[in-house]
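Close look at the chain arrangement
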Amino acid sequence: MPDTTIAPPTNRHDGTPGALVLPSVDGDLPYERVIPADRWLGCLLAGAVGDALGAPVEFLSLAEIRTRFGADGLTDYTPAYGGRGRITDDTQMTLFTAEAMIRGHVGKRLMFFEQQPGSVLQHAYQRWYHTQGTPWHRAGGSYAMEAEPDGWLVRVPELHHRRAPGATVLTALKGFADGAERGLLSRRINNSKGCGAVMRAAPCALWSEDPLDCFVVAAQAGALTHGHPTGFLSAGALAFVVHRLLDGADLPTALAEVRAELVTWEESEETVAALDAAVDLAERGRPTPEQLESLGGGWIGEEALAIGVCAALVADDLADGLRLAVNHSGDSDSTGAICGNLLGAVHGLPAVPPGWLAELELREVMERLGRDALVEFSPANPLEDPTWRERYPAW
Ligand SMILES: [Mg+2]
């Protein structure tokens, strides 16, 4: 059997060389951390705005973008998927990640379910898979015990649209639905490092008061669909950074901290190198789109993270960062979403242009889910409220 261990022998959390020993993600109950509402909602909604901004140019080269929109490229929403401000699979899956954080925490809090929410995340992604057109009895796998999926999010009709979902994700979720085992850091289901894991990872920053717990949870969430370390470590890195930003750290500090963590993980070289390249490019001043493309196309995890990070580092303001993040030949909606997650967590919801928020598809759904997450992840959570458990079943 190949050695698929991921925790390194030098990891401060692991004194057992060669063994798969993950840091504990127990967190503390009750959850004492107070997450600033404006930063968290900014993270969630600015990510969606960046996704919507980039959606029309996801599959256009830089030359095609300039031909269509002028020398400055795309600077405002333009119609895609039938309208302005339409989100894509990036935001759809981010919402299901956020819902899984709430549901996983309800289970942990009330029923002492598993401390690591991997199963709850898998269940959430199977519900998203159902929204892509597969009947629940065929999409839910072992979770499809009832005729219909539970929770309120999956019943939002506007989520039931295909917005260029990633093939890796669809294949992995179909595999689980058909009976394959859940992907783990120690049980890699494929060798993909597509950006489908990092693009949905930001809400994992809620899970714990310790950013390392959030890193691990996001990496595990990534490993459900992406088996290459760069695929799931880039997801872990984003959640760690967002956690630190929510708690008030500045972006360069958060990046330095996550780098220090990343280097203790096996097979993290690509992710570390991509983050280093992003920081180096940003330190040379504002990059041109051509220079930004030196970081890659963003189709794979570490490149999407790097482009989002670089744009966030050099941005004059949130809107400027999002425009920079989407004008390149690569995966513009994912890089826009990641940049939005970062800048939204730094600057908060008031920094998102009101016009973009007003036209954002599913804004009310995002705000409702985002505010519910703040309730669940607060010292004053709703405890035994039965209606809460109906909205957020604990599995
Ligand atoms: Mg997309």
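Cut-off values and rules
Residues numbered from 1 in each chain as written. Predicted model: local features only at pLDDT ≥ 70, side-chain atom pairs only at ≥ 80, totals over all residues. Heavy atoms only, no water. Helix = DSSP H or I, 4+ residues; strand = E, 2+ residues; numbered from the N terminus. Rg over C-alpha atoms; globule rule 2.2 N^0.38 Å. Buried < 20%, exposed > 50% of the residue type's maximum accessible area, 1.4 Å probe, protein only. Axes fitted to C-alpha atoms, helices over the stretch in contact; angles between N-to-C directions. Left-handed = near helix turned anticlockwise from the far one by under 90°. Contact = heavy atoms within 4.5 Å. Nonpolar A, V, L, I, M, F, W, Y, C, P; charged D, E, K, R; others polar. Phe/Tyr/Trp six-rings, centres within 6.5 Å; stacked < 30°, edge-to-face > 60°. Donors = N, O, S within 2.8 Å, 3.2 Å for Na, K, Ca; no water. Core = buried A, V, L, I, M, F, W, Y, C linked by side-chain atoms within 4.5 Å.

1. Examining the overall build of the protein
A tally of regular secondary structure across the protein gives 17 helices and zero strands. Taken over C-alpha atoms, the radius of gyration comes to 19 Å for the protein, in line with the 21 Å a tight globule of 395 residues would show. Seen along its three principal axes, the alpha-carbon backbone of the protein occupies a region of about 55 × 45 × 40 Å. A buried classification covers 62% of the 395 residues belonging to the protein.

2. So, the packing of helix α1 (residues 37-54) against helix α16 (residues 363-376)
Relative orientation of the contacting elements α1 and α16 amounts to 145 degrees, with a least axis distance of 10 Å. Once α1 is placed against α16, the crossing between them reads as right-handed. Contacts between α1 and α16 involve Ala37, Trp40, Leu41, Leu44, Leu45 and Ala48 from the former and Arg363, Met366, Glu367, Gly370, Arg371, Ala373 and Leu374 from the latter. Taken together, the residues of the contact of α1 with α16 break down into nine nonpolar, one polar and three charged.

3. Looking at the packing of aromatic side chains
Tallied over the entire structure, the rule returns seven aromatic pairs. Seen in terms of ring centroids, phenylalanine 59 and tryptophan 299 are 6.0 Å apart; in terms of plane orientation they differ by 15 degrees. Their pairing is stacked. Of this pair, phenylalanine 59 sits in the loop between α1 and α2 (62-69) while tryptophan 299 sits in the loop between α11 (289-292) and α12 (301-314), and the two are 240 residues apart along the sequence. A residue is classified by how much of its surface remains accessible, and phenylalanine 59, at 57% relative accessible area, is exposed.

4. Examining the coordination of the magnesium ion
For the magnesium ion, the protein coordination sphere consists of Thr88 (OG1), Asp89 (OD), Asp90 (OD) and Asp333 (OD), at 2.0 to 2.4 Å. Look at where the donors of the magnesium ion fall in the sequence and you get T-D-D-x242-D. Placement of the pair is aspartate 89 in helix α3 (residues 89-111) and aspartate 333 in helix α14 (residues 332-347), with a sequence separation of 244 residues. Here aspartate 89 falls in the buried class, since its relative accessible area comes to 4%.

5. Considering the nonpolar core
Counting 128 residues, the largest nonpolar core has Trp40, Leu238, Leu342, Leu360 and Met366 as its most contacted members. Looking at this core, the element that brings in the most residues is helix α8 (residues 229-246), giving eleven residues. In contact with leucine 360, other than residues within four places in its own chain, are Leu45, Ala48, Val49, Ala52, Tyr77, Gly85, Ile87 and Met366.

6. Remarks on unusual backbone geometry
One non-glycine residue, alanine 164, lies in the positive phi region at around 55 degrees. Examined against the element boundaries, alanine 164 turns out to sit in the loop between α5 (136-139) and α6 (167-177). Positive phi outside glycine occurs at glutamate 267, with the angle close to 60 degrees. Of note, glutamate 267 is situated in the loop between α9 (251-262) and α10 (269-283).

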